[in-house]
Amino acid sequence: MTQAKKKILIVGCGPGDPAYITPAAKAAAAKADVLIVSRRLEGLFPEVAAERIDSGTDVEGTIALIAERRDAGAQVVLLATGDPGIASLAQPVIRRFGRENCEVVPGISSIQVAFARLGLDWTDARIVTAHRADPEETPAELRGSPKLAILGGRDGSLRWAAGIIPELGEGRRVFLCEDLTMPTEKIREVSADELRHLPVSSRAIILVIRKELLP
């Protein structure tokens, strides 16, 4: 008899502080037979008696393990930092297994927190991912955006941002937001030149905002 395969639950776990994990995320994690976790999230939900698999950097290998456990009838839960819709393993998993076989539980993203700290909405923000590699977007493509949120987290991301900001035109303010919601949270206004030389947290967002939008 063929065993029914359960939907893969993809769960957003917030920007860092456990207080920002939603009740819906906790309820979804509690269903897990298998938790797919990154090192950043490995300590979450210690009360859940599930097999834990490190998502690591081998995306294809992780997807193969998800398929194997799901084929065996296990409830697989993938934990994503922030919101699964922004720069996470959710996208390759959904492409591989199909939207009909996945259920996404949204979370609070660091981008939401960064804009909230500045008291700004982000309906007109352009999100650029520089977390793993330099983005393909050019200054010409970004120049018309009144608000940019650049996902950093590596030294190269700061250098890339420092290089494109002067080409966006005058009248921009730049904020480096690190470790949002954590005890080490730091938000500071910086110049493009300063970005080139600053050490950076692995949890970094760079906001580039038109001056007239800020008090």
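Residues numbered from 1 in each chain as written. Predicted model: local features only at pLDDT ≥ 70, side-chain atom pairs only at ≥ 80, totals over all residues. Heavy atoms only, no water.

Draft legend 1. Seen up close, the overall build of the protein. Each helix and strand counted, the protein has seven helices and ten strands in total. In summary, the protein has a C-alpha radius of gyration of 19 Å against a globular reference of 17 Å for 215 residues, a match within 12%. Each principal axis of the C-alpha distribution contributes one length, and for the protein these read about 65 × 35 × 30 Å. In the protein, which comprises 215 residues, the proportion classed as buried is 48%. Partitioning the contacts of the protein with sequence separation of at least 6, the portion at a separation of at least 24 is 65%. For the protein, the accessible surface area stands at approximately 10,800 Å², while carbon and sulfur atoms represent 50% of it. Averaging the positions of the 28 positive and the 29 negative side-chain charges in the protein gives two centres separated by 2 Å. (Helix = DSSP H or I, 4+ residues; strand = E, 2+ residues; numbered from the N terminus. Rg over C-alpha atoms; globule rule 2.2 N^0.38 Å. Buried < 20%, exposed > 50% of the residue type's maximum accessible area, 1.4 Å probe, protein only. Contact = heavy atoms within 4.5 Å. Areas by Shrake-Rupley, 256 points an atom, 1.4 Å probe, with all protein chains shown as cover. Lys, Arg positive; Asp, Glu negative; His and termini not counted. Charge placed at Lys NZ, Arg CZ, Asp CG, Glu CD.)

Draft legend 2. Fine view of the sheet that holds strand β3 (residues 51-54). As summarised here, the arrangement of the five strands in space is β3-β2-β4-β1-β5, forming an open sheet in which the pairing is parallel. Sheet topology places β3 and β5 (102-105) at the edges, where each strand pairs with a single neighbour. Between one strand axis and the next, the sheet turns by 20° as a mean value, whatever way the strands run. The sheet contact formed by strand β1 (residues 8-12) and strand β4 (residues 76-80) spans four bridges and is parallel. Of the residues in β4, the one forming a bridge with Gly12 is Ala80. Of the strands in this sheet, β1, β4 and β5 touch helix α3 (residues 90-97), which is tilted by about 165° from β1. (Pairing = 2+ DSSP bridges. Axes fitted to C-alpha atoms, helices over the stretch in contact; angles between N-to-C directions.)

Draft legend 3. How the structure looks around unusual backbone geometry. Positive phi outside glycine occurs at Ala87, with the angle close to 50°. If you trace the backbone, Ala87 turns up in the loop between β4 and α3. You will see that Thr181, though not glycine, has its phi angle at about 75°, which is positive. Relative to the helices and strands, Thr181 is located in the loop between β8 (172-178) and β9 (186-190).

Draft legend 4. Structural detail: the environment of Asp17. Counting through the fold element by element, Asp17 comes out in the loop between β1 and α1 (23-29). Along the chain, Asp17 and Ser109 lie 92 residues apart, while their C-alpha atoms are 11 Å from each other. Look past the residues within four positions of Asp17 in its chain and what remains in contact with it is Thr181 and Met182. Here the side chain of Asp17 touches Ala19 through a polar contact of 2.8 Å, landing on its backbone nitrogen. (Polar contact = N/O pair within 3.5 Å; in protein donor to acceptor, adjacent residues only side chain to side chain.)

Draft legend 5. Region of interest: the pairing of strand β7 (residues 147-151). The element β7 is extensively covered by neighbouring structure, given that five of its five residues are classed as buried. With burial as the criterion, each face of β7 is covered, one bearing Lys147, Ala149 and Leu151 and the other bearing Leu148 and Ile150.

Draft legend 6. Highlighting the environment of Pro199. If you trace the backbone, Pro199 turns up in the loop between α7 (192-195) and β10 (204-210). A relative accessible area of 62% places Pro199 in the exposed class. Taking the C-alpha atoms as reference, Pro199 lies 7.1 Å from Asp155; in sequence the two are 44 residues apart. Excluding anything up to four places from it in sequence, Pro199 contacts Glu178 and Arg188.

Draft legend 7. Geometry of α3. Along α3, the residues classified as buried are Ala90, Pro92, Val93, Ile94 and Phe97. Of the surrounding secondary structure, the elements contacted by the buried residues of α3 are β1, α2 (59-71), β4 and β5. Phi turns positive one or two residues past the end of α3, at Gly98, with a value near 95°.

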